[in-house]
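Examination of the molecular architecture
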Amino acid sequence: MKDSTAAGRGERLARHLHANPETGLAEIDASERCVRLLSECGFGVQRGIASLDTSFVAEKRLGADGPTVGLVVEYDALPEVGHGCGHNLICGGVMEAALDLADRSDLRGTLKVIGTPAEELFAGKAPMLEAGAFDGVDAAFTYHPSDVVAVFGTLNGAALFELFFQGQASHAASRPWDGRSALDAATLAAHALAMERQYQRDGCRIHAKVESVSGSHNVLPDSASLRVNVRAPEDDLLQGLVESVERIAEGSAHATATAVTVSLLSKARPYLMHEGLARLAWDVLGVPDGTTYDISGSSDLGDVSQAIPTVCVTEVGWSPVTWHSRELHDAAGSEGAYESMHRAAGALTRMVERFVASPHEWLTDPAPG
């Protein structure tokens, strides 16, 4: 007989996602399963927020009038890797907390469960914010597995680009003078981006890879593309990196007599920790005040944190391991990872209970903005 508890349903969901990973904006099954569970528990559900097919907002009134709490769900996997960032656990853990809270008529307020696709592409939360998915939310809560018990302190802002270079194809042996190699332009840009790193402030990151090259080895390629990611701890530093990418792309095209199209695919703002909600999280987690998880990675959760008070707790899901690796995907499907997910779900539940009972106690710190 299937376990019908919130914990049982959350774990089955997390295990299913781990075995059936879906990449950003293609999380059709994951989104459908979340919506089905929430609908069965009496949530009203709106889908396709901001024209994102796999997004949703589920809302349910708990008890008497009170604050609106947002629980933020992620469920996308990585190409070729699977759940190498543990989003199957985020989905299972946050959903477990939502299902546990769904019938709590003793609690004041309203519960919103917000399904945000394509976190790895920074493509879900910002357009959903603009479309009103987070309107009325007094505080947003979520969780991320890691190798420590803490509260997210910092995350870099990020911008993701595609640089598409267009050259002229020609046979590399018989008539090279008639061609212009788009690969030369992409290679030059990649080298210039690597050199640019020495001029950046602490915490800033630049990384790139060749995404595609046309043609065969003996023909000068007429097209090539780079995927470029830049990160920075502050908005103005991130804007400086954006301008550097654009300058280097144009310069590389000019130097190689090719053309370039610079496409900003997505962008995420730096994460802003809310001190009041962090105090609540530290108390619930039982760790000393100030225990933060500070990394140079990025998430579009930063956009949410800049708009409304937000807190993300971390739980120990595995020993230290390389992010976005097949090794971490395997760890995210381990028994220890599911045990940590249940602990995180319990922490989220307790945080929501305490928040709705006394929201002003935890929102006395300056609001984000």
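What comes next concerns the included structure. (Residues numbered from 1 in each chain as written. Predicted model: local features only at pLDDT ≥ 70, side-chain atom pairs only at ≥ 80, totals over all residues. Heavy atoms only, no water.)

Broken down by element type, the protein carries 11 helices and 13 strands. Here the protein has a C-alpha radius of gyration of 23 Å; the compact-globule value for 369 residues is 21 Å, and the two agree. Principal-axis analysis of the C-alpha atoms gives the protein an extent of 80 × 45 × 40 Å. The long-range share in the protein, meaning contacts at least 24 apart out of those at least 6 apart in sequence, stands at 79%. About 15,400 Å² of surface is accessible on the protein, with carbon and sulfur atoms providing 50% of the total. Charged side chains in the protein number 29 positive and 50 negative. The centres of these two groups are separated by 2 Å. (Helix = DSSP H or I, 4+ residues; strand = E, 2+ residues; numbered from the N terminus. Rg over C-alpha atoms; globule rule 2.2 N^0.38 Å. Contact = heavy atoms within 4.5 Å. Areas by Shrake-Rupley, 256 points an atom, 1.4 Å probe, with all protein chains shown as cover. Lys, Arg positive; Asp, Glu negative; His and termini not counted. Charge placed at Lys NZ, Arg CZ, Asp CG, Glu CD.)

Before going further, it helps to examine the layout of surface pockets. Considering only enclosed or pocket space, the largest pocket measures out at about 1,000 Å³ in volume. L78, E120, N229, R231 and H324 are the residues nearest the centre of the largest pocket, which is lined by 36 residues in total. Of all the elements in the fold, those that place two or more residues in the lining of the largest pocket are β5 (139-146), β6 (150-166), β8 (205-213), β10 (223-232) and β12 (292-298). The residue makeup of the lining of the largest pocket, split by class, is 16 nonpolar, 11 polar and nine charged. Empty space within the second largest pocket amounts to approximately 210 Å³. Elements with a minimum of two residues in the lining of the second largest pocket: α1 (6-19) and α2 (28-40). (1 Å grid on protein atoms, 1.4 Å probe; cavity = no way out; pocket = protein on both sides within 12 Å on 5 of 7 lines; lining within 4 Å. Points joined across faces, edges and corners; volume = space filled by probe spheres on them. Nonpolar A, V, L, I, M, F, W, Y, C, P; charged D, E, K, R; others polar.)

Here we come to unusual backbone geometry. Trans peptide bonds make up most of the peptide bonds, and negative phi angles are found at most residues other than glycine. Notably, S51 is not glycine yet its phi reads approximately 60°, a positive angle. Relative to the helices and strands, S51 resides in the loop between β1 (44-47) and β2 (56-61). Even without glycine at this site, H324 takes up a positive phi of about 60°.

This part covers the pattern of salt bridges. A full pass over the atoms with the stated rule returns 17 salt bridges. The residue E315 makes a salt bridge to R343 at a minimum N-O spacing of 3.3 Å. In this pair, E315 is assigned in strand β13 (residues 310-316) and R343 in helix α10 (residues 335-357), connecting sequence segments 28 residues apart. By relative accessible area, which is 41% here, R343 ends up partly exposed. A network of salt bridges, in which partner residues are shared, links E11, R15 and E335. (Salt bridge = Lys/Arg side-chain N within 4 Å of Asp/Glu carboxyl O. Buried < 20%, exposed > 50% of the residue type's maximum accessible area, 1.4 Å probe, protein only.)

Let's shift gears to helix α3 (residues 87-101). For α3, built from 15 residues, the straight-helix expectation of 21 Å at 1.5 Å per residue is met to within 8% by its first-to-last C-alpha distance of 21 Å. Most of α3 is tucked away: 14 of the 15 residues are buried. (Expected span 1.5 Å × (residues − 1).)

Ranked by internal contacts, the top residues of the largest apolar core, which has 82 residues, are L38, L71, M95, V113, F134, F141 and F355. Among the elements that line this core, the one with the most residues is α10, at 10 residues. Residues A159, A186, V230 and I248 belong to the second largest nonpolar core, which totals 25 residues. (Core = buried A, V, L, I, M, F, W, Y, C linked by side-chain atoms within 4.5 Å.)

What follows is about the side chain of N229. Checked against the element boundaries, N229 lands in strand β10. With a relative accessible area of 10%, N229 lands in the buried category. A polar contact of 3.0 Å, which involves the side chain of N229, links it to the backbone oxygen of A159. (Polar contact = N/O pair within 3.5 Å; in protein donor to acceptor, adjacent residues only side chain to side chain.)

A few words on the environment of R108. Mapped onto the secondary structure, R108 falls in the loop between α3 and β4 (110-115). In this structure, the C-alpha to C-alpha distance between R108 and Q306, residues 198 residues apart in sequence, is 26 Å. Apart from residues lying up to four places away in sequence, R108 is in contact with L62, A64, D65, G66, P67, V356, A357 and P359. Side-chain polar atoms of R108 contact the backbone oxygen of D65, separated by 3.2 Å. A distance of 3.0 Å separates a polar atom in the side chain of R108 from the backbone oxygen of V356.

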